[in-house]
Amino acid sequence: MVDFTLTFPPGFLWGAATAAHQVEGGSPPNNWTAWEQTLGHIYREHVAGQACDWWGGRYIEDFDRAVAMHHNAHRFSVEWSRIEPERGQFDLPAIAHYADVLRALRERGMEPVITLHHFTNPLWVEEMGGWLNEETVRRFARFVQVVMEELDQPVTMWCTINEPLVYATNGYLVGRFPPGDKNLRNTFLVIENLLRGHAAAYHTIKDIQPDAQVGLAKAQINFTPMRPSWLHQPARNLLRQTINRAFIDAIITGELRLPMHKVELPEARDTLDWIGLNYYYRLQAGFNPLKPQQVFIDRRRPREGILGPESVGEIWPEGIFDEIKWLCQRTDKPLYVTENGVPDGDLPDDTLRQVHLIRSLRRVWDSVNYNFPVKGYFYWTLVDNFEWAEGYDPAFRFGLYGCDLETQVRTKKRSADLYGAICAANALTSDMVHEFAPDAFDGLFPGVDVQTDVTLPPRP
Ligand code: FCB
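Along each chain, the written sequence defines residue order, and numbers are assigned to residues from 1. Only residues with pLDDT of 70 or above have their local features reported here, since the model is predicted, and side-chain atom pairs are shown and tallied only from 80 upward, although totals for entire chains, interfaces and linings are computed over all residues. Side-chain descriptors were evaluated using all non-hydrogen atoms of the structure, hydrogens and water having been removed beforehand.

Enquirer: Mind showing me how you'd approach the overall build of the chain here?
Expert: Each helix corresponds to a stretch of at least 4 residues labelled H or I by DSSP, and each strand to a stretch of at least 2 residues labelled E; elements are numbered beginning at the N terminus. Of regular secondary structure, the chain possesses 15 helices and 17 strands. Taken over C-alpha atoms, the radius of gyration comes to 22 Å for the chain, in line with the 23 Å a tight globule of 460 residues would show. When the backbone C-alpha atoms are referred to their principal axes, the chain occupies close to 95 × 60 × 45 Å. The buried label goes to any residue with under 20% of its type's maximum accessible area, the exposed label to any with over 50%, and the partly exposed label to all in between, with areas taken from a 1.4 Å probe on protein chains only. When burial is assessed residue by residue, the chain has 60% of its 460 residues classed as buried. Residues are treated as being in contact if the distance between any of their heavy atoms lies within 4.5 Å. Within the chain, contacts between residues separated by at least 24 positions form 74% of all contacts whose residues are at least 6 apart in sequence. A 1.4 Å probe and the Shrake-Rupley method give the accessible areas. Residues count as covered only by the protein chains that appear here. As presented, the chain carries roughly 18900 Å² of accessible surface, and 51% of it is formed by carbon and sulfur atoms. Positive and negative side-chain charges in the chain, numbering 45 and 60 respectively, have mean positions lying 6 Å apart. The size measure is the radius of gyration over C-alpha atoms, and the globule rule it meets is 2.2 Å times the number of residues to the 0.38 power. None of His or the chain ends enter the tally, which takes Lys and Arg as positive and Asp and Glu as negative. Charge positions come from single atoms, namely NZ of Lys, CZ of Arg, CG of Asp or CD of Glu.

Enquirer: Looking at this structure, I do not really get the environment of Arg185. What am I missing?
Expert: Position of Arg185 relative to the elements: it lies in helix H9 (residues 184-208). Taking the C-alpha atoms as reference points, Arg185 and Pro93, separated by 92 residues in sequence, lie 39 Å from one another.

Enquirer: Please explain the packing of H9 against helix H10 (residues 229-253) as it appears in this structure.
Expert: Geometrically, a packed helix pair is captured by the angle between its two axes and the distance between the axes. Interaxial distance between H9 and H10 falls to 11 Å at its minimum, and their mutual angle equals 40°. Taken as axis vectors, H9 and H10 run oblique relative to one another. As H9 packs across H10, the resulting crossing turns out to be right-handed. In this structure, H9 uses Phe188, Ile191, Leu194, Leu195 and His198 to contact H10, whose residues at the interface are Thr242, Phe247, Ala250 and Ile251. Note on residue categories: nonpolar means Ala, Val, Leu, Ile, Met, Phe, Trp, Tyr, Cys or Pro, charged means Asp, Glu, Lys or Arg, and polar means any other residue, Gly included. Counted by class, the contact of H9 with H10 contains seven nonpolar, two polar and no charged residues. Note on definitions: angles span 0 to 180 degrees between N-to-C directions of axes, and those axes are lines fitted to C-alpha atoms, for helices only across the stretch in contact. Working definition: roughly parallel below 35 degrees, roughly antiparallel above 145 degrees, roughly perpendicular at 65 to 115 degrees, and oblique for all remaining angles. Helix crossings are classified by the rotation of the near helix relative to the far one: an anticlockwise turn of less than a right angle makes the crossing left-handed, while a clockwise turn makes it right-handed.

Enquirer: Could you clarify how one ought to interpret the side chain of Asp273 in this entry?
Expert: Following the sequence through the fold, Asp273 ends up in the loop between strand E8 (261-264) and strand E9 (274-287). Engagement of the side chain of Asp273 in a polar contact is seen with the side chain of Lys206, the distance being 2.8 Å. Sequence-distant contacts of Asp273, that is, excluding residues within four places in its chain, are made with Tyr202, Lys206, Ala212, Gln213, Val214, Lys333 and Pro334. Distance and chemistry together define a polar contact, namely a pair of N or O atoms within 3.5 Å, with one atom able to donate a hydrogen and the other to accept it when in protein, and with adjacent residues in sequence counting only for side-chain atoms on both sides.

Enquirer: Quick question: what am I supposed to make of the pairing of E8 here?
Expert: Look at any regular strand and the pattern is simple: side chains alternate between the two faces of the sheet. What you see with E8 is a clean split: His261 and Val263 sit on the buried side and Lys262 and Glu264 on the side with no burial. At least two DSSP bridges between two strands are needed for those strands to be called paired. Here strand E7 (residues 255-258) pairs with E8 via four bridges, running antiparallel. Of the residues in E8, the one forming a bridge with Glu255 is Glu264. Following E7, the chain reverses through two residues before pairing antiparallel with E8; Met260 in that reversal takes a positive phi of roughly 60°.

Enquirer: For this particular structure, what's the right way to read the environment of Val383?
Expert: Mapped onto the elements of the fold, Val383 is located in the loop between strand E14 (374-379) and strand E15 (401-403). By relative accessible area, Val383 is classed as buried at 2%. Distance in space between the C-alpha atoms of Val383 and Ala66 is 9.8 Å, their sequence separation being 317 residues. When sequence neighbours within four positions are dropped, the list of residues in contact with Val383 reads Cys52, Asp62, Gly399, Tyr401, Gly402, Cys403 and Arg410.

Enquirer: Sorry, what's going on with the environment of Thr169 here?
Expert: With respect to the helices and strands, Thr169 occurs in helix H8 (residues 164-174). When the C-alpha positions of Thr169 and Leu184 are compared, they lie 8.5 Å apart, and in sequence the two are 15 residues distant. Among the polar contacts listed, one links the side chain of Thr169 to the backbone oxygen of Leu165, at a separation of 2.6 Å.

Limitation: the analysis is restricted to geometry and does not speak to function.
So, in structure tokens, the structure goes:
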């Protein structure tokens, strides 16, 4: 049996991440509220509805829960469609609401990280073509400027755009997100304009507040080649380059290089003070020798990990290390894990979530000990919420707390106690693993057999 204390660096940020549309409720005038109205778009025709009622003020009680778990930070997003419901018309009371949210965090000693775009667009933006229209870049920068000028609360950490590739591929290639397009050319155009949007937001923020720390949250998939790997390696490399790397490369070089889509974007060069990693799963990539022009993904046969729900790949927490490593080496910037979590609907004893948290944080700790500048970890998510196309599917719940949608009553899950203990200690210890995941202990931390009982041969 081994004893250990995996201590994180002093000042490490511990928190949870949330997004406006998923928790606020109250049907803001955005592309998702509209998309939810159509049959077949969302799991069992769910709509976000009241969600976790944060717009109605329940963020206060949830922040109390976060601080009781010893969080010292929180990542959340501001909803563009509330702040600018009509083109050029800014709603100052909506901005004041977010100033209240910031005050509530500060009063509880939690450092805010604000995301400016998390999947939603105001309807008027969507109607003018969304991110296919380059004009959206300028409208977004204007929105960011107004937020910066009107939010009378100090904020250091800004996250421009959440998961640009997830937004673009789901909305324009796979059709799972609004506007439900399936067009590769449009997907690439949207990626390009999101990069412009990120750059424009970066420069806008820095012009107003030079000491702001501006980054973005990039979802990285741990791509691995199908077997035999020598055959499928090129397919893996192509997907990894396109989905994980091209956007980041462009921020470093000022040139976006996607397959058959190359564009110079000098304004995007060096627009990163920190990088955010959202990590969830691994996918095996390969190609069919009979159709060599197509790459494909095998979701249904996990390697060593756990088979996740359909829209997720293989749950493989250890993969977080490789993603931290590449992002840190490529960007040479501090890294925050801006999202990490696992769907586990069990209430209150979410065993998978507890084991997943332990396995993930062990690899985050490893990366710290390789001297990668990892500065914080934001669990996805605080309270079960509206999961986009999965709606409120019980198999797709990510919260440390459950939430009864009818009554708004929260239920603490066991993972909340585990995460709370980790945040309080700024460490993961063997005692915690014994307490929360006793069955997994020996598999995860096998003790080395040490011979302690030595019988010396008799002296001659
Ligand atoms: C990420 C999203 C986040 C949430 C998690 C489960 O891709 O950024 O809003 O839906 O997945």
